[in-house]
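Given next are the chains, with one letter for each unit.
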Amino acid sequence: MLWLSPAVAGELTVPGATVESVVAVARRLNPTVAAASLEFDAAVHKIGTAGVLADPTLILEAWDVNRLGVGQRRFGLEQEFKLWSKYGLERNIAQSDADAAKFQGRATVIDLIAQVVAAHGEYNAAYEAVGISAEIKRRYDEILGLLRSRYGTTSVDQQDVIKAEIEAATAEGDVIRRQGEQKAAAARLNALIGRPSLAPLAAPTGFRVVKAVSLAQVQALGRSANPMLALAGAQSNSAAQTKSLTDLNYYPDVTLGAKYVQRPGTEDTGEFMLGVKLPLHYEVKDAEQRVAGARLGAAQARNEALRLRIDGQIADAWFGVDALRKVVQIYTTRQLPPSRSSVDNARNGFQAGTSDLSSVFESERRLRAVQLDLLKLKVELQTKYAEMERLAGGSL
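Residues numbered from 1 in each chain as written. Predicted model: local features only at pLDDT ≥ 70, side-chain atom pairs only at ≥ 80, totals over all residues. Heavy atoms only, no water.

A.B. asks: Explanation requested: the pattern of salt bridges in the structure shown.
C.D. replies: Where side chains of opposite charge bring their charged atoms close, a pairing between them can arise. Under the defined criterion, the tally for this structure stands at 28 salt bridges. Between E80 and K277 there is a salt bridge, with the nearest N and O atoms lying 3.2 Å from each other. One end of the pair, E80, is in strand β2 (residues 69–81); the other, K277, is in the loop between β4 (269–276) and α8 (282–352), with 197 residues separating them in the sequence. Of the charged contacts, one joins R138 and E135 as a salt bridge, the two residues approaching to 2.3 Å between their closest N and O atoms. Of this pair, R138 and E135 both sit in helix α4 (residues 86–151), 3 residues apart, which is roughly one turn of that helix. A relative accessible area of 31% means that E135 is categorised as partly exposed. Among the charged side chains, a salt-bridge network with shared partners connects E135, R138, R139, E142, R347 and E364. (Salt bridge = Lys/Arg side-chain N within 4 Å of Asp/Glu carboxyl O. Helix = DSSP H or I, 4+ residues; strand = E, 2+ residues; numbered from the N terminus. Buried < 20%, exposed > 50% of the residue type's maximum accessible area, 1.4 Å probe, protein only.)

A.B. asks: Please clarify how the packing of aromatic side chains should be interpreted in this entry.
C.D. replies: Aromatic ring pairs are described here by two measures, namely the spacing of the ring centres and the angle between the planes. Taken as a whole and assessed by the stated rule, the structure comprises 3 aromatic pairs. Taken together, a centroid distance of 5.1 Å and an interplanar angle of 75° make the contact between Y140 and F361 edge-to-face. One end of the pair, Y140, is in helix α4; the other, F361, is in helix α9 (residues 357–392), and 221 residues separate them in sequence. Y140 gets classed as buried once you look at its relative accessible area, which sits at 2%. Pairing W318 with F319 gives two aromatic rings, centres 5.1 Å apart and planes at 85°, and the pair type is edge-to-face. (Phe/Tyr/Trp six-rings, centres within 6.5 Å; stacked < 30°, edge-to-face > 60°.)

A.B. asks: What should I look at first to understand unusual backbone geometry in this one?
C.D. replies: In most cases, non-glycine residues show a negative phi, while peptide bonds are predominantly trans. Backbone geometry places W84, a non-glycine residue, at a positive phi of 60°. Here W84 shows up in the loop between β2 and α4. Here the phi dihedral of S85 falls at roughly 65°; this positive angle occurs in a residue that is not glycine. Relative accessible area serves as the criterion here: at 57%, S85 is assigned to the exposed category.

A.B. asks: Can you walk me through the packing of helix α5 (residues 158–193) against α9 in this structure?
C.D. replies: Any two packed helices are characterised by the angle at which their axes cross and by the distance between the axes. One can describe the packing of α5 onto α9 by two numbers: an axis separation of 11 Å at closest approach and a directional angle of 15°. Considering the angle they form, α5 stands roughly parallel to α9. Crossing handedness for the pair α5 and α9: left-handed. Where α5 abuts α9, its residues D160, K163, A164, E167, D174 and R178 lie against L357, S358, F361, R365, R368 and L372. Looking at side-chain class alone, the contact of α5 with α9 contains 4 nonpolar, 1 polar and 7 charged residues. (Axes fitted to C-alpha atoms, helices over the stretch in contact; angles between N-to-C directions. Parallel < 35°, antiparallel > 145°, perpendicular 65-115°, else oblique. Left-handed = near helix turned anticlockwise from the far one by under 90°. Contact = heavy atoms within 4.5 Å. Nonpolar A, V, L, I, M, F, W, Y, C, P; charged D, E, K, R; others polar.)

A.B. asks: Just to check I follow, could you spell out the pairing of strand β1 (residues 57–66) for this structure?
C.D. replies: Both faces of the sheet carry side chains from a regular strand, because those side chains alternate between them. Looking at chain direction, β1 and β2 are connected through 9 bridges and run antiparallel. The residue of β2 that forms the bridge with L58 is L77. Adjacent in sequence and paired antiparallel, β1 and β2 are bridged by 2 residues. (Pairing = 2+ DSSP bridges.)

A.B. asks: What is the right way to look at the packing of helix α6 (residues 215–225) against α8 in this model?
C.D. replies: Packing of α6 against α8 brings their axes to within 10 Å, and their N-to-C directions diverge by 145°. The two elements α6 and α8 meet at a crossing, and its hand is right-handed. On the side of α6, the interface is formed by L215, V218, Q219, G222 and R223, while α8 contributes R307, D311, I314, A315, W318 and F319. Taken together, the residues of the contact of α6 with α8 break down into 6 nonpolar, 2 polar and 3 charged.

A.B. asks: Help me understand a nonpolar patch on the surface in this model?
C.D. replies: A surface patch of nonpolar side chains, about 530 Å² in accessible area, is lined by L58, L60, F75, L77 and Y260. Elements with a minimum of two residues in the nonpolar patch: β1 and β2. Tracing the backbone through its elements, the reader meets L60 in strand β1. Residue L60 is classed as exposed on the basis of its relative accessible area of 60%. (Patch = residues over 30% accessible without salt bridge, like charges linked within 9 Å, V, L, I, M, F, W, Y side chains within 5 Å. Areas by Shrake-Rupley, 256 points an atom, 1.4 Å probe, with all protein chains shown as cover.)

A.B. asks: Would you explain the sheet that holds strand β3 (residues 254–262) in this entry?
C.D. replies: Hydrogen bonds between backbone groups are what pair the strands of a sheet, and the pairing can be parallel or antiparallel. Here 4 strands make up an open sheet; going across it, the order is β1-β2-β3-β4 and the pairing antiparallel. Each edge of the open sheet carries a strand with a single partner, namely β1 and β4. Strand-to-strand twist in this sheet, taken as the mean axis angle between neighbours without regard to direction, amounts to 20°. Both β3 and β4 contribute to a ladder of 8 bridges, which runs antiparallel.

So this is what it looks like as structure tokens:
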């Protein structure tokens, strides 16, 4: 892609910086998406096989065959015709089935996108957790260096040095553990978008912005764009067309035929035939009609039940997103700044000799807990928001 700028070409080569970059790769590489596309192609091609005439029958007859030879030779064709708009109904059923396959494929893609968004949130959180742990390790190493330079090898306050060494070693172990979690999150994301698990990913640039949207808007979008609702509607339409076609089973089909007759010694002649298929087994057709009616009712009931369920699931996701957004705001504005100030105050006090080492480590642990809890909340918010988008049928 020589016409792309280097930055854009790089993002296409190494996705991961944004949610959009990994979603684009998933649409191209994930085999589940390819399978859904092939299923839709199969359903579309099936339309061409519905509502068409059956193959005609070629007839070759020999009459008055005896020891003197063949008295008559007859060559003809017979063709069955379905009347009463049956061909049109068969095409409508095939079209509804193709629509159902299309909506099923769209639902598969939307489900995949929701999973990719959630996985990218976990990858982003793991990446930021590594940064948090590395920063804490750096500060602990600074404290350990300060203690060593202050006390040297004397045993006056050697206990503080030992405590700092233990905390620094714990911080180093936490960095290694977080790095492993980041690699695991990257492997999961790669597998989900259809790439090798060890393929490189770009450093994430941050969590995706969660837009503010009303519950009524999301529910209205879900009713019009949710592919599973559209799938249920297509299945209900197919059942209705099948019911109409079954109702026409009481009406007969006809067969038309024509023959060319050769009579040795006399003039050749022709024959024409009209056959009518008599629908005498009414009990069978009554049973077929009842089956089609029951399936239509079931499809309509499933459609309504799905609509109510999706409305409820959207409400559940929306309230979850609303609550998580508020909690993230509280953590960001009311817990994180005081925790950072507490660390600064404790470090300054320790350096000035007005506070002990334990208060420094306690404030550091409190800050780390707030930062990691905030990351978990952001991941949960991204996951819940992706679920709400999935139910709404696409990006909000």
